[in-house]
Amino acid sequence: MKKRKSKRTKGIEEARPFDGLSKVNKNAAGVDIGATEIVACVSGGDEVQLVKAFGNYTVDLQSIGEWFRKHEVKTVAMESTGVYWIPLFEELERQGFECLLISSRSLRKVAGQKTDVEDAQWIQTLHSYGLLKGSFRPEGDLVGLRTLLRHRTQLVEHRAPHIQHMQKALLQMNIQLSQAVTDVMGMTGQMIIRAIVAGLRDPEELASLRDPGCKHSEEEIAKALTGTWREEHLYVLKQSLELYDFYTGKIEACDEEISRQYGMTRLDWGSGELPVVPDKKRHTHSKNAPKDAREIREHLYRINGVDLSLVDGFGISLAQTVTMEVGSNVGEKFPTEKHFSRWLGLAPKHDITGGKVLSNHTLKTKNRAGQAFRMAAQSVKKADCPFGALYRRLRSRLGPAQATVATAHAIARTVYKMLKYKVEYDPLSVNEYQVKYEEQQVKYMKKKAAKLGYQLVPA
């Protein structure tokens, strides 16, 4: 599509006449992928399109590549639901084709009968004119790690209900363990639960298993551990503990595989010496974080060139998630931090027509990286850092929900600059942030006063 050069002079826009559409990708193909059938479309020359249906077996995917090569296809756009697109995408990439995964939102056309053949033709037509934009996909060497990390997250989610089952069984026996200890699955909580499953019932003996770091005394814990000890609830407690241990073992095995994959990723990239961890971050921990946290931190530092775990609100887990979801070369995929924030679902989408703002809210998205930044914003609500000060300032004006998104947006812009320019995190103190904010406010008020014909004078 030819670009029009325009120039604005005194409210008048000068532009060249529109020359019409021209084909950008002459060797383009379109593919509509279903559960059992794949429909591909290529250009046959002289405004003719050739459409062919294939199966979804591996030999069929290889045949699609051969058919594309026969018709001199260079770039392929495909649309699919679920994960049906992944085998074809990877096979065509392996054969040297440029592949784009297209969102179904960009393929909406005039109302009428919808068929797989028409969809494939429509995709090929739009792609040949350069009207389609591919969905984001991180670097190929990080895709495997991303899959394992997503699987680990699912294992943690599957383990969580069994903790609730244990708590429910204890409460039904009037064992108030959740009141006696802060975390039921902490050191003290686990020792007591395992002793109960092993057959110990005496409250004093159970309370003696208290970890020295526990806030509550043995007397308080003993009062909470006097219950009915009904057999059916003890049975549920036992099986829930076994399932919890099963998933914990699978998570540990997954961590070992992730470490092995890290050891095979970008070994030729120099890492240098890890930055020093600030005092306020040395004692932070997460229950679901990997055990070999320092080793993971070293791998992430080698891959990114910067240490994302030092960002306020971040840790090893969130740094892993963001790295595998967005990759390390964000500057190539997202020209500016505005594009990056928009993709994350953290920047408002402004719809303006006729000079009237129709909407300016953030779009709903299931973007995992965007959720990670929101989690980081949640964790700095009370923190003594610039992001925490920003959240508390915005909360009084916008409310907690919008303040969280705005804070996540600020953290995302910081991470974007770190990854693009390879600069380490250098936070301001809260006092420095406050001074900078006041300077911005004074500058804004002076500008506003000058616009209205006034001069701002300090008291």
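Data block above holds the structure.
Residues numbered from 1 in each chain as written. Predicted model: local features only at pLDDT ≥ 70, side-chain atom pairs only at ≥ 80, totals over all residues. Heavy atoms only, no water.

**Section: the overall build of the protein chain**
Summing up its helical and strand segments, the protein chain has 18 helices and 9 strands in all. Principal axes of the C-alpha set define a box for the protein chain whose edges measure 90 × 80 × 50 Å. In the protein chain, once contacts between residues fewer than 6 apart in sequence are set aside, the share between residues at least 24 apart is 65%. When the accessible surface of the protein chain is split by element, carbon and sulfur atoms take 52% of a total near 27,600 Å². (Helix = DSSP H or I, 4+ residues; strand = E, 2+ residues; numbered from the N terminus. Contact = heavy atoms within 4.5 Å. Areas by Shrake-Rupley, 256 points an atom, 1.4 Å probe, with all protein chains shown as cover.)

**As for the packing of helix H1 (residues 58-70) against helix H2 (residues 85-94)**
In a pair of packed helices, the angle between the axes and the distance between the axes together describe the arrangement. H2 packs onto H1 with a crossing angle of 45° between their chain directions and a minimal axis gap of 9 Å. In terms of their interaxial angle, H1 and H2 are classed as oblique. Regarding H1 and H2, the two cross each other, and that crossing is right-handed. Residues Leu 61, Gln 62, Ile 64, Gly 65 and Phe 68 of H1 form the contact with H2, whose own contacting residues are Pro 87, Leu 88, Glu 91 and Leu 92. Within the contact of H1 with H2, the residues separate by chemical class into 6 nonpolar, 2 polar and 1 charged. (Axes fitted to C-alpha atoms, helices over the stretch in contact; angles between N-to-C directions. Parallel < 35°, antiparallel > 145°, perpendicular 65-115°, else oblique. Left-handed = near helix turned anticlockwise from the far one by under 90°. Nonpolar A, V, L, I, M, F, W, Y, C, P; charged D, E, K, R; others polar.)

**Quick notes on the pattern of salt bridges**
Overall, the coordinates contain 13 salt bridges when judged by the stated rule. Residues Arg 137 and Glu 90 are paired through a salt bridge, measuring 3.8 Å at the closest nitrogen-oxygen approach. In this pair, Arg 137 sits in the loop between helix H3 (116-128) and helix H4 (140-172) while Glu 90 sits in helix H2, placing the two residues 47 residues apart along the sequence. Taking the shortest distance from any N to any O, the salt bridge between Lys 417 and Glu 337 comes out at 3.9 Å. Of this pair, Lys 417 sits in helix H17 (residues 400-421) while Glu 337 sits in helix H14 (residues 337-344), placing them 80 residues apart in sequence. (Salt bridge = Lys/Arg side-chain N within 4 Å of Asp/Glu carboxyl O.)

**Notes on a nonpolar patch on the surface**
Judged by side-chain polarity, Val 442, Tyr 444, Met 445 and Leu 456 come together as a nonpolar surface patch covering roughly 360 Å² of accessible area. Position of Leu 456 relative to the elements: it lies in the segment after helix H18 (430-451). Owing to a relative accessible area of 38%, Leu 456 belongs among the partly exposed residues under this scheme. (Patch = residues over 30% accessible without salt bridge, like charges linked within 9 Å, V, L, I, M, F, W, Y side chains within 5 Å. Buried < 20%, exposed > 50% of the residue type's maximum accessible area, 1.4 Å probe, protein only.)

**Quick word on the packing of helix H11 (residues 293-304) against helix H12 (residues 316-326)**
Remark: H11 packs on H12, axes separated minimally by 10 Å, with the N-to-C direction vectors making an angle of 30°. By the angle class used here, H11 and H12 are roughly parallel. Of the two possible hands of crossing, H11 and H12 adopt the one that is left-handed. Here Ala 293, Ile 296, Arg 297, Leu 300, Ile 303 and Asn 304 of H11 come into contact with H12, specifically with Ile 316, Ala 319, Gln 320, Thr 323 and Met 324. Grouping the amino acids of the contact of H11 with H12 by side-chain chemistry returns 7 nonpolar, 3 polar and 1 charged.

**Focus on H2**
Of the residues making up H2, those classed as buried are Trp 85, Leu 88, Phe 89, Glu 91 and Leu 92. Looking at the packing, one finds that the buried side of H2 touches strand E3 (28-33), strand E4 (38-45), H1, strand E6 (75-79) and strand E7 (98-101).

**Details of a positive patch on the surface**
A cluster of basic side chains, namely Lys 443, Lys 447, Lys 448 and Lys 451, defines a positive patch on the protein surface. Mapping Lys 447 onto the fold places it in helix H18. Residue Lys 447 is classed as exposed on the basis of its relative accessible area, which comes to 66%. (Lys, Arg positive; Asp, Glu negative; His and termini not counted. Charge placed at Lys NZ, Arg CZ, Asp CG, Glu CD.)

**Some details on the pairing of E3**
Two faces, one strand: in a regular strand the side chains alternate between the faces of the sheet. Within E3, 6 of the 6 residues are buried, leaving the element largely enclosed by the surrounding structure. On E3, burial covers both faces: Ala 28, Gly 30 and Asp 32 on one face and Ala 29, Val 31 and Ile 33 on the other are all buried. Note that E3 and E6 share 5 bridges and pair parallel. Across the sheet, residue Val 31 finds its bridge partner in E6, namely Met 78. (Pairing = 2+ DSSP bridges.)

**Here's the deal with the packing of aromatic side chains**
Aromatic ring pairs are defined here through the distance separating the ring centres and the angle between the ring planes. Inspection of every chain in the model, using the stated rule, returns 13 aromatic pairs. Aromatic side chains Phe 136 and Trp 343 sit 4.8 Å apart centroid to centroid with 65° between the ring planes, which places their arrangement in the edge-to-face category. Here the residue Phe 136 occupies a position in the loop between H3 and H4, and Trp 343 occupies one in helix H14, the gap between them amounting to 207 residues. Relative to Trp 343, the ring of Phe 334 lies with its centre 5.3 Å away and its plane at 40°, an arrangement referred to as tilted. Through a chain of ring-to-ring contacts, the aromatic side chains of Phe 136, Phe 314, Phe 334, Phe 340, Trp 343, Phe 373 and Tyr 416 assemble into a single cluster. (Phe/Tyr/Trp six-rings, centres within 6.5 Å; stacked < 30°, edge-to-face > 60°.)

**Looking at unusual backbone geometry**
A positive phi angle, close to 55°, is found at Trp 229, a residue other than glycine. The exposure class assigned to Trp 229 is buried, which follows from its relative accessible area of 17%. Backbone geometry at Lys 422 places phi at a positive 55°, although glycine is not the residue there. Counting through the fold element by element, Lys 422 comes out in the loop between H17 and H18.

**Section: the nonpolar core**
Core analysis: the largest hydrophobic core is formed by 52 residues, its most contacted members being Tyr 262, Phe 314, Phe 340, Phe 373, Ile 411 and Val 415. Among the elements of the structure, H4, helix H9 (231-262), H11, H12, H14, helix H15 (368-379), helix H16 (386-398) and H17 are those that each provide at least two residues to this core. Considering every element that reaches this core, the biggest residue donor is H17, with 10 residues. Once residues within four sequence positions are removed from consideration, Phe 340 is found in contact with Val 326, Val 330, Phe 334, Phe 373, Ala 412 and Tyr 416. Ranked by size, the runner-up nonpolar core spans 26 residues in total, among them Leu 170, Leu 177, Ile 193 and Leu 225. (Core = buried A, V, L, I, M, F, W, Y, C linked by side-chain atoms within 4.5 Å.)

**A few points about the side chain of Thr 407**
Considering the arrangement of structural elements, one finds Thr 407 in helix H17. Looking at Thr 407, the relative accessible area reads 0%, which means it is buried. Of note is the side chain of Thr 407, whose polar atom sits 2.8 Å from the backbone oxygen of Ala 403. With residues near it in sequence (within four places) discarded, Thr 407 still touches Ala 377, Val 380, Phe 387, Leu 390 and Tyr 391. (Polar contact = N/O pair within 3.5 Å; in protein donor to acceptor, adjacent residues only side chain to side chain.)

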